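Observations on the three-dimensional arrangement
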Amino acid sequence: QVQLVESGGGLVQYGGSLRLSCAASGRTFSSYATGWFRQAPGKEREFVASINSSGGRTFYADSVKGRFTISRDNAKNMVYLQMNSLKPEDTAVYYCAMGITHLGSTLSARGSSAVDSWGQGTQVTVSS
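Residues numbered from 1 in each chain as written. Predicted model: local features only at pLDDT ≥ 70, side-chain atom pairs only at ≥ 80, totals over all residues. Heavy atoms only, no water.

**Describing the state of the cysteines**
Note the cut-off: Counting rule for disulfides: a pair of cysteine sulfur atoms within 2.5 Å. Strands here mean DSSP runs of E at least two residues long; helices mean DSSP runs of H or I at least four residues long; both are numbered from the N terminus. Summary of the burial criterion: residues with accessible area below 20% of their type's maximum are buried, those above 50% are exposed, and those between are partly exposed, where the area comes from a 1.4 Å probe applied to protein chains only.
Scanning the model with the defined rule gives one disulfide in all. Each disulfide pairs two cysteine sulfurs, and for Cys 22 the partner residue is Cys 96, the sulfurs being separated by 2.1 Å. The sign of the S-S torsion, about -85°, decides the handedness of the disulfide formed by Cys 22 and Cys 96: left-handed. Here Cys 22 is found in strand S3 (residues 18-25), whereas its partner Cys 96 is found in strand S9 (residues 92-99), with 74 residues between them in sequence. Of the two residues examined, Cys 22 and Cys 96, each falls in the buried class.

**Re the packing of aromatic side chains**
Quick note on the threshold: A pair of Phe, Tyr and Trp rings is counted when the ring centres sit within 6.5 Å of each other, with Trp represented by its six-membered ring. The angle between the planes then sorts it: under 30 degrees is stacked, over 60 is edge-to-face, the rest tilted. Distance and angle both matter: a charge sits over a ring if NZ of Lys or CZ of Arg is within 6 Å of the ring centre and within 35 degrees of the ring normal.
Applying the stated rule across the entire model yields three aromatic pairs. Centroid distance Phe 37 to Trp 118: 5.0 Å. Interplanar angle 75°. Geometry classified as edge-to-face. Placement of Phe 37 in strand S4 (residues 34-39) and of Trp 118 in strand S10 (residues 115-118) is noted, with a sequence separation of 81 residues between them. Judged by relative accessible area, which is 0%, Phe 37 ranks as buried. Relative accessible area serves as the criterion here: at 31%, Trp 118 is assigned to the partly exposed category. For the ring pair Tyr 95 and Trp 118, a centre distance of 6.2 Å and an interplane angle of 80° mean the geometry is edge-to-face. One end of the pair, Tyr 95, is in strand S9; the other, Trp 118, is in strand S10, with 23 residues separating them in the sequence. Looking at Arg 45, its charged tip hangs above the ring of Tyr 95, at a distance of 3.6 Å from the centre. The positively charged end of Arg 72 is found above the aromatic ring belonging to Phe 29, 4.3 Å away from the centroid.

**A closer look at the sheet that holds strand S1 (residues 3-7)**
Put simply, the rule is: In this analysis, strands are considered paired if DSSP registers two or more bridges between them. Each axis is a line fitted through C-alpha atoms, taken for helices only over the stretch in contact, and angles between the N-to-C directions span 0 to 180 degrees.
The strand order S1-S3-S8-S7 describes an open sheet built from four strands, whose pairing is antiparallel. Edge positions in the open sheet fall to S1 and strand S7 (68-73), since each of these has one partner strand only. Along the sheet, successive strands turn relative to each other by an average axial angle of 15°, direction set aside.

Structure, rendered in C-alpha cells:
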C-alpha cells in the first residue's frame, strides 16, 4: 500500500496563497498519476487537480483553473499544489491522492473512483 502524507494547510486571508505538499512512499511513485481533491463540510469530495506520472500533463477543475497549479518531483516522491487568489469557497479539507493508472486524465474524468490511495487530509480555511 502507498502512504501519502500532506502538509502545508492552514489559515489564509481572502486573495492569499498557500502551497500544499504531499510525500509518497510504498509504491513506485513515478509510475502513477497523482492528484488533489477537496471536501467541504456537508459536501461530497470533489476533484481539484491531477498530473500524469511524468509530470508533463495537468488537469484542473473549472473552479480552480488559472488559480491553482499542480506539480511533482519524482526524484523526491513529492507532489505539490500551489493555490493563489484563494476564495472563501476554497475552504475545505484537501486530500492528496494516487491514481490507479499513469494518466492524470483518468483522475480528472472519473474522480474518486480512479483513486488507489488517499492521504489523511489537511485543512485549508480562507477567511472573508
